[in-house]
Amino acid sequence: MTHWKEILQNSVSDSTTLARHFTFDCSALESAYASFPMRINSYYLSLIQEVDDPIWKQAVPDKRELEDSVCMPDPLGEERLSPVQGLVHKYPDRVLLLVASECAMYCRFCTRKRMVGSSSMCISEQSIENGIEYIKEHSTVREVLLSGGDPLLLSDKKLDSILGRLHAIPHLEVIRIGSRVPCTLPQRVTTDLAKILAKYHPLYINTHFNHPRELTREAEKACGRLANSGIPLGCQTVLLKGINDDAQTLKKLFTGLLKMRVKPYYLFQGDLTKGTNHFRTHSSCGIKIMQQLIGSVSGMAVPTFALDAPGGKGKIPLTPDYIISRGKELRFRNYCGEICTYPENGDPV
Ligand SMILES: *Cc1c(COP(=O)(O)O)cnc(C)c1O
Ligand code: SF4
């Protein structure tokens, strides 16, 4: 099997190289990746079957990225919520720590598009150390989420050192890693990596698959290896116009993930990130899809559809309306649309 570093080195990062693989109009593409970098490693490239398919759209720049006059660079107010650089403290009991600036593939819809993969993302040994110090000093922080960029693109040694220092903090109960590597570069999940991660339980990984075509044998092997190391796996999918915005596709994705031992965790409504407006759906699209999923597939395969509120106001679940009326009895519709009632006991609280 090819080593993951070699696969990463064989990335396509300009239109001339991409044109050796596909026939397309590259004139519009170059200005887009001048603003937001392109990196399609040879594994992820191999998943593209044709121009404009759901894999292509996630990876190849589009001129609409530059025509976006609606969205903003930092819609979640992450910079305002950073007490120290590279650490976002939005909720009382958990913090987000940015530990890597690179990814195995630069997703065109990335929420941190303003900085991921560019020199403006200043993550250093010092900023990570400052983040760890901040967590040490704040005993209300029970959980840390490692993010970036992609934490699993760090070397084994560096990751081991960061996890070791975090794990030694007595009040830190859980470590969570957000990584797209099981999807975009599954070869990175080596037995050595799995062994390192397994030293730091309770450790959770939330990965990120968006389309059933990403559920390959390689991805299955990577997820199996992590699960066998005792790591519970979740998935944070983004609802993307023209890629996965229909119930059929998402049913296949979520049930397929479950088979790979990954529990769908969130389905995200698109953020207002500059350069990603062409991927945003109307909120009713996701709610309608949820209605088609709930009850018709295993509850284990149903994620929470959520919107990360602009300005760092937190994640809000968006759910179909089931309740028709409240009173002495609750009237509601079930998953097939039948009207049901439930007699209440006592007064509302
Ligand atoms: C999403 C997020 C979290 C984690 O939220 P959960 O609902 O626990 O997954 C924590 N901090 C920040 C800044 C986030 O954006
Ligand atoms: S892997 Fe995650 S952080 Fe990296 S470009 Fe994709 S969405 Fe952004």
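Provided above is the structure to which this section pertains.
Everything in this summary refers to the structure shown in the same document. Predicted model only: the values in this text are computed from it and were never measured. (Residues numbered from 1 in each chain as written. Chains lettered and ligands numbered in written order. Predicted model: local features only at pLDDT ≥ 70, side-chain atom pairs only at ≥ 80, totals over all residues. Heavy atoms only, no water.)

### Section: the pairing of strand β8 (residues 304-309)
Then comes step 1: Where strand β7 (residues 262-268) and β8 come together, three bridges link them in parallel fashion. Across the sheet, the residue bridging to F268 is A306, located in β8.
Then comes step 2: Pairing of β8 with strand β9 (residues 314-317), which is carried by four bridges, proceeds in the antiparallel orientation. If you follow L307 over to β9, its bridge partner there is I316.
Then comes step 3: Between β8 and β9, which follow one another and run antiparallel, lie four residues, and G311 among them has a positive phi close to 80°. (Pairing = 2+ DSSP bridges. Helix = DSSP H or I, 4+ residues; strand = E, 2+ residues; numbered from the N terminus.)

### Observations regarding the side chain of S11
Then comes step 1: Secondary-structure assignment places S11 in the loop between α1 (4-9) and α2 (15-18).
Then comes step 2: Residue S11 is classed as buried on the basis of its relative accessible area, which comes to 18%.
Then comes step 3: A polar contact is formed between the side chain of S11 and the backbone oxygen of L8, at a distance of 2.6 Å.
Then comes step 4: When neighbours within four sequence positions are excluded, S11 is seen to be in contact with R39, I40 and N41. (Buried < 20%, exposed > 50% of the residue type's maximum accessible area, 1.4 Å probe, protein only. Polar contact = N/O pair within 3.5 Å; in protein donor to acceptor, adjacent residues only side chain to side chain. Contact = heavy atoms within 4.5 Å.)

### Some words on the sheet that holds strand β6 (residues 233-238)
Strand pairing in a sheet is mediated by backbone hydrogen bonds. Such pairs are either parallel or antiparallel.
Then comes step 1: What the nine strands build is an open sheet, ordered β1-β2-β3-β4-β5-β6-β7-β8-β9; its pairing is mixed. Strand pairing shows two members of the sheet lacking a second neighbour, β1 (87-91) and β9, which therefore form its edges. Neighbour-to-neighbour, the strand axes of this sheet turn through a mean angle of 30°, independent of strand direction.
Then comes step 2: Of the strand pairs in this sheet, strand β3 (residues 143-147) and strand β4 (residues 174-178) are connected by four bridges, and their pairing is parallel. (Axes fitted to C-alpha atoms, helices over the stretch in contact; angles between N-to-C directions.)

### Some words on the site of ligand 1
Then comes step 1: The full set of residues close to ligand 1 is V88, K90, Y91, R94, L145, R176, Y265, Y266 and K315.
Then comes step 2: One of the side-chain nitrogen or oxygen atoms of K90 is found 3.4 Å away from an oxygen atom of ligand 1.
Then comes step 3: The separation between an oxygen atom of ligand 1 and a polar side-chain atom of Y266 is 2.6 Å.
Then comes step 4: For ligand 1, whose free accessible area comes to 380 Å², the fraction covered by protein is 91%.
Then comes step 5: When residues of the shell around ligand 1 are traced back to their parent elements, those giving at least two are β1 and β7. (Near = heavy atom within 4 Å. Areas by Shrake-Rupley, 256 points an atom, 1.4 Å probe, with all protein chains shown as cover.)

### Section: helix α7 (residues 156-167)
Then comes step 1: Taking 1.5 Å per residue, twelve residues should reach 16 Å; α7 reaches 16 Å between its end C-alpha atoms and fits that length.
Then comes step 2: Restricting attention to buried positions, one finds in α7 the residues L159, I162, L163 and L166. Take α7 and look down its axis: the buried residues cluster within an arc of 95°, on one side only.
Then comes step 3: If you follow the buried residues of α7, they end up packed against α6 (125-137), β3, β4, α9 (191-197) and β5 (203-207). (Expected span 1.5 Å × (residues − 1). Arc of directions from axis to C-beta.)

### Some thoughts on the packing of aromatic side chains
Then comes step 1: Under the counting rule described, the total for this entry stands at five aromatic pairs.
Then comes step 2: Here the aromatic rings of F22 and W56 are separated by 5.4 Å at their centres, their planes lie at 85°, and the arrangement is edge-to-face. Taken together, the residues span a long stretch of sequence, with F22 in the loop between α2 and α3 (27-35) and W56 in helix α5 (residues 54-59) at a distance of 34 residues.
Then comes step 3: Overall, the relative accessible area of 14% leaves F22 in the buried class.
Then comes step 4: Here the aromatic rings of F109 and F279 are separated by 6.0 Å at their centres, their planes lie at 90°, and the arrangement is edge-to-face. Of this pair, F109 sits in the loop between β2 (94-98) and α6 while F279 sits in the loop between β7 and α12 (283-293), and the two are 170 residues apart along the sequence.
Then comes step 5: The exposure class assigned to F279 is buried, which follows from its relative accessible area of 6%.
Then comes step 6: The structure contains a cluster of three or more aromatic residues connected by ring pairs, namely F22, F24 and W56. (Phe/Tyr/Trp six-rings, centres within 6.5 Å; stacked < 30°, edge-to-face > 60°.)

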